[in-house]
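If you want the building blocks of each chain, they are given just below.
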Amino acid sequence: MGYRGVAVGWTAENLEEAPPSLLRWRSTSGARNYGRATFEDGGDATDVEVAITYQTPRVVADLVEGKKAQDFIRTCLAATLRRFARRVEQEHAGGGG
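Once a new chain begins, its residue numbering starts again from 1 and follows that chain's sequence as written. Residues qualify for local features only when their pLDDT is at least 70, as the model is predicted, and side-chain atom pairs are given and counted only at 80 or more; totals for whole chains, interfaces and linings, by contrast, use all residues. Side-chain figures throughout are based on the complete set of non-hydrogen atoms in the structure, without hydrogens or water.

Peer 1: Residue-level account of the overall build of the chain, with values.
Peer 2: Strands here mean DSSP runs of E at least two residues long; helices mean DSSP runs of H or I at least four residues long; both are numbered from the N terminus. Looking only at helices and strands, one finds 2 helices and 6 strands in the chain. Listed by position from the N terminus, the elements making up the chain come as β-β-β-β-β-β-α-α. Here the chain holds 97 residues, and 18% of them are scored as buried. In the chain, of all internal contacts separated by at least 6 residues, the share reaching a separation of at least 24 is 21%. Within the structure as shown, the chain displays about 7200 Å² of accessible surface, and the carbon and sulfur contribution to it stands at 50%. The buried label goes to any residue with under 20% of its type's maximum accessible area, the exposed label to any with over 50%, and the partly exposed label to all in between, with areas taken from a 1.4 Å probe on protein chains only. The contact definition used throughout considers only heavy atoms, calling two residues in contact when any of these lie within 4.5 Å. Accessible surface area values rest on a Shrake-Rupley calculation with a 1.4 Å probe, where residue burial reflects the displayed protein chains alone.

Peer 1: Which residues make up the sheet that holds strand β5 (residues 33-41), and what values go with them?
Peer 2: At least two DSSP bridges between two strands are required for those strands to pair. With antiparallel pairing, 4 strands are arranged side by side in an open sheet as β3-β4-β5-β6. In the strand order of this sheet, the two ends are held by β3 (10-18) and β6 (46-54), each with one partner. Ignoring which end each strand starts from, the neighbouring axes of this sheet average 20° apart. Pairing geometry for β3 and strand β4 (residues 22-30), over 8 bridges, is antiparallel. Across the sheet, the residue bridging to W10 is G30, located in β4. Axis definition: a line fitted to C-alpha atoms, limited for helices to the stretch in contact. Angles are taken between N-to-C directions and run from 0 to 180 degrees. Sheet strands in contact with helix α2 (residues 66-93) are β3, β5 and β6, and its direction is about 145° off that of β6.

Peer 1: Quick rundown of the confidence of the model for the chain? Include the residues and the values.
Peer 2: Per-residue confidence from the predictor is reported as pLDDT, which spans 0 to 100. For the chain, the mean per-residue pLDDT works out to 80, and 80% of the residues sit at or above 70. Per-element confidence in the chain ranges from a low mean pLDDT of 56 for strand β1 (residues 2-3) to a high of 91 for β4.

Peer 1: So, α2: which residues are in play, and what are the values?
Peer 2: To estimate the expected span of a helix, subtract one from its residue number and multiply by 1.5 Å. Along its 28 residues, α2 runs 41 Å from first to last C-alpha, staying within 8% of the 40 Å computed at 1.5 Å per residue. All of the buried residues in α2 are A69, F72, I73, C76, L77 and A79.

Peer 1: Go over the pattern of salt bridges with me, naming the residues and quoting the values.
Peer 2: One side-chain nitrogen of Lys or Arg within 4 Å of one carboxyl oxygen of Asp or Glu is enough to make a salt bridge. For the structure shown, the criterion picks out 3 salt bridges. As a salt-bridge pair, R24 and E16 come within 3.1 Å of each other at their nearest N and O atoms. What makes E16 partly exposed here is its relative accessible area of 32%. Among the ionic pairs, E49 bridges to R36, the shortest N-O distance being 3.9 Å. Of this pair, E49 sits in strand β6 while R36 sits in strand β5, and the two are 13 residues apart along the sequence. Classification of R36 as partly exposed rests on a relative accessible area of 36%.

Below, the structure written as structure tokens:
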């Protein structure tokens, strides 16, 4: 995950998988976080809801504080989710899903 040249990443383990509707994880290295993603059939699209709890990475905390840090993290997460959605759409269109 990254934004404006600052990258933040992690390795995670899945705590719960209930395909195709739920995924829960926690980080095992990198940026400390845990969360869940739910997927619901929306007809022509899939509705995705993501909840994540995180410790602000030191590199971000050194650059910005408080609400600015939260906005930065949200921007990074939103960009990552858009890339994920494009990848899933491409795989689906290519017969990979």
